[in-house]
Structure formats: C-alpha cells, structure tokens
Amino acid sequence: EAGDVPRALACLAEDVRWTDKNFAPFLGVREAERFIRSSAVLGQGVAFVVTGWAEDVTRRKVGVTWELRGASGELLPIAALGTSLVTFDENRSLIVEMLDHAQPLAPLPGELQLPLGALVSRLVEAKREGAVRLPGGMVLPLPDLQ
C-alpha cells in the first residue's frame, strides 16, 4: 500500500511462488518484484484494507480478506474485493507461497487491470479534488457535470 517495494520484497523467499488468478504465476522473487512494482502505480489514493484474517500456525498459513478503497473510502470498481492465502517458511519469517483471488474476477486480462486500476484511482482522486494533477505540477480544473 505504501509503495515501499524493498520492504515488500524483504518479506518474500527467493523461490516464492505467487499465484494470482488474473495473471500467470510469478515464480521467484524477481518475477514477484515486477508485479509489486506494477501494483505500486495504483497511487496514494488507494488503500489496501484488511477486513479479516485467520491463521493456522501448525501449517504456517494465514488467510486474509481485503478490499481496495479510494481516498474517500469507496470501493474501487475493478477487482476491489479479494482473498489471499499466504504460506510462510519453516522459520515463519518469509513468504514462500501466496495465492491471491480478486472477487469478482475482472473480465480484462491481468496485464490491463493494474494500469486501468491506476487510471480509475487517479480519476476518483481528481473527482474528489475537482481537478486533474498532471506530471510537472500542472492542474486542470474539472467541469461541473452535475
């Protein structure tokens, strides 16, 4: 959520297997890094909210339900609800396997979901602020469409 890619990578085993039903599996920390970096484009206007969790200490697993919410607290319109199942190594310090399932599965290919999610995030933020902020600091006011 905070876009801290190095901190996220420090949680993953070198041979991590990350499966997201909307993408091909990410095998190894380098492939997972590309996914994490592309997820960081969602921007500061998006919050990853954990809504519930359960743990099986014996099997070293944690299950998490989550939501993606905009700055005003609204659910994002693209794959905003999900479940993740995480398996830790024997020392319970690194993630060795992750299975993500966004609900409902978006009909778009996974490669389009993150860029589209980033665009939607920026549009939601622009609507809230009443203007679009462009790279370089330029601000374009939005017309009142009501």
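Residues numbered from 1 in each chain as written. Predicted model: local features only at pLDDT ≥ 70, side-chain atom pairs only at ≥ 80, totals over all residues. Heavy atoms only, no water.

Details of the sheet that holds strand 4 (residues 61-70)
Pairing within the open sheet is mixed, and its 6 strands lie in the order 2-1-6-5-4-3. In this open sheet, the two edge strands, each paired with only one partner strand, are strand 2 (26-27) and strand 3 (46-56). Sheet analysis places strand 4 next to strand 5 (residues 81-88), joined by 7 bridges and oriented antiparallel. Looking at the pairing, threonine 65 lines up with threonine 83 of strand 5. (Pairing = 2+ DSSP bridges. Helix = DSSP H or I, 4+ residues; strand = E, 2+ residues; numbered from the N terminus.)

Brief notes about the nonpolar core
Leu9, Leu12, Trp18, Phe35, Ile36 and Ile95 are the most contacted members of the largest nonpolar core, which has 15 residues in total. When residues of this core are traced back to their parent elements, those giving at least two are helix 1 (5-9), strand 1 (12-20), helix 2 (29-39) and strand 6 (95-103). Looking at this core, the element that brings in the most residues is helix 2, giving 4 residues. Each residue touching isoleucine 95, except ones within four places of it in the same chain, is listed here: Cys11, Leu12, Ala13, Val16, Val86, Thr87 and Phe88. Judged by nonpolar contacts, the second largest core, of 8 residues, contains Val46, Val62, Ala80 and Ala102. (Core = buried A, V, L, I, M, F, W, Y, C linked by side-chain atoms within 4.5 Å. Buried < 20%, exposed > 50% of the residue type's maximum accessible area, 1.4 Å probe, protein only. Contact = heavy atoms within 4.5 Å.)

Brief notes about the environment of valine 139
Mapped onto the elements, valine 139 comes out in strand 8 (residues 139-141). Classification of valine 139 as partly exposed rests on a relative accessible area of 39%. As for valine 139 and alanine 126, which are separated by 13 residues in sequence, their C-alpha atoms are 10.0 Å apart.

Here's the deal with unusual backbone geometry
One non-glycine residue, arginine 60, lies in positive phi territory at about 60°. With respect to the helices and strands, arginine 60 occurs in the loop between strand 3 and strand 4. Assessed through its relative accessible area of 27%, arginine 60 is described here as partly exposed. Unusually for a residue other than glycine, arginine 92 sits at a positive phi of about 60°. Following the sequence through the fold, arginine 92 ends up in the loop between strand 5 and strand 6.

Concerning a nonpolar patch on the surface
A contiguous nonpolar surface patch, about 340 Å² in accessible area, is contributed by Phe48, Val50 and Trp53. Mapping phenylalanine 48 onto the fold places it in strand 3. (Patch = residues over 30% accessible without salt bridge, like charges linked within 9 Å, V, L, I, M, F, W, Y side chains within 5 Å. Areas by Shrake-Rupley, 256 points an atom, 1.4 Å probe, with all protein chains shown as cover. Salt bridge = Lys/Arg side-chain N within 4 Å of Asp/Glu carboxyl O.)

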